Amino acid sequence: DAGVIQSPRHEVTEMGQEVTLRCKPISGHDYLFWYRQTMMRGLELLIYFNNNVPIDDSGMPEDRFSAKMPNASFSTLKIQPSEPRDSAVYFCASSQHRAATNEKLFFGSGTQLSVL
Amino acid sequence: AQKITQTQPGMFVQEKEAVTLDCTYDTSDQSYGLFWYKQPSSGEMIFLIYQGSYDEQNATEGRYSLNFQKARKSANLVISASQLGDSAMYFCAMRGLSGTYKYIFGTGTRLKVLA
């Protein structure tokens, strides 16, 4: 398997523009997580899905952020409109749930977002 | 609510020495897993070690061991015989295994190994 695939690797945009980040999880994984990494706040959980259904979006900072998972092999995180404070690295990660065992996350390479 | 706390923003250790990275957690879940990940300067996230809340023995993986003290809600990572390649950011993480399956991380500790 190719692992978790994120695109784009880098995104530079201007304030007010719409940004869409994409993620393809590992086939067979039933959990998908979106994180935002900044120096000040570390890795923040934004939202996670189970079997394509959003379970907890309490980490989404504001209404400008939205995430979807239309099928088991694709998810998007959208920011509209983007602001400079959204600049961060955004990670997607997936895992396969097995009760009481090691459920490590498999991370994508991340998207470095810069909003000017 | 779940929370992970890493109180050491940065640490230095001499090559070949052992180092302990601190992690405390809080959760209402009865069953949970604790993890450590390493993030080198390249940015990738690398899984290091796992400890289940009902595991009686501390987890070990090569030079990594997890000092699990359930009553104190701590899950410290011990790296023995530090190497220059261990210089990286280290994140402690927790996942509930009953009720909620949120997978949360601490703010990380940046480790620098000195030659």
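Predicted, not measured: the structure shown is a model, and the values here were computed from it.

Some details on the state of the cysteines
Residues and elements named next belong to chain A.
Link 1 in the chain: Under the defined criterion, the tally for this structure stands at two disulfides over all chains.
Link 2 in the chain: Between the sulfur atoms of cysteine 23 and its disulfide mate cysteine 92 the distance is 1.8 Å. Measuring the twist about the S-S bond at about -65°, one finds the cysteine 23-cysteine 92 disulfide to be left-handed. A residue pair is termed long-range when its members are at least 10 positions apart, and cysteine 23 in strand 3 (residues 19–24) and cysteine 92 in strand 9 (residues 88–95) qualify at 69 residues.
Link 3 in the chain: Taking relative accessible area as the criterion, cysteine 23 reaches 1% and is therefore assigned buried.
Link 4 in the chain: A relative accessible area of 0% places cysteine 92 in the buried class.

Topic: the interface of chain B and chain A
Link 1 in the chain: With 18 residues of chain B in contact, the opposing surface of chain A contributes 21 residues.
Link 2 in the chain: Contact between chain B and chain A buries roughly 1700 Å² in total, counting both sides, with carbon and sulfur atoms accounting for 59%.
Link 3 in the chain: Counting the contacts that link chain B with chain A gives one salt bridge.
Link 4 in the chain: Lys102(B) is the partner of Asp56(A) in a salt bridge, and the nearest nitrogen-oxygen pair spans 3.5 Å.
Link 5 in the chain: Joining chain B to chain A, the criterion identifies five residue pairs in polar contact (both at pLDDT 80 or more).
Link 6 in the chain: Per-class residue counts for the side of chain B that touches chain A are eleven nonpolar, five polar and two charged.

Here we look at the pattern of salt bridges
Link 1 in the chain: Evaluation of the coordinates by the stated rule reveals eleven salt bridges over all chains.
Link 2 in the chain: The partner of Arg64(A) in a salt bridge is Glu62(A), with the nearest N and O atoms 2.9 Å apart.
Link 3 in the chain: Judged by its relative accessible area of 10%, Arg64(A) is buried.
Link 4 in the chain: The partly exposed category is assigned to Glu62(A), whose relative accessible area is 26%.
Link 5 in the chain: With a shortest N-O distance of 2.8 Å, Asp86(B) and Arg63(B) are connected by a salt bridge. With Asp86(B) in the loop between strand 9 (74–79) and strand 10 (88–96) and Arg63(B) in the loop between strand 7 (60–61) and strand 8 (64–69), this pair connects stretches of sequence that are 23 residues apart.

About the thresholds
Residues numbered from 1 in each chain as written. Chains lettered and ligands numbered in written order. Predicted model: local features only at pLDDT ≥ 70, side-chain atom pairs only at ≥ 80, totals over all residues. Heavy atoms only, no water. Disulfide = S-S within 2.5 Å. Helix = DSSP H or I, 4+ residues; strand = E, 2+ residues; numbered from the N terminus. Buried < 20%, exposed > 50% of the residue type's maximum accessible area, 1.4 Å probe, protein only. Contact = heavy atoms within 4.5 Å. Buried area = accessible area lost by both parts, 1.4 Å probe. Salt bridge = Lys/Arg side-chain N within 4 Å of Asp/Glu carboxyl O. Polar contact = N/O pair within 3.5 Å; in protein donor to acceptor, adjacent residues only side chain to side chain. Nonpolar A, V, L, I, M, F, W, Y, C, P; charged D, E, K, R; others polar.

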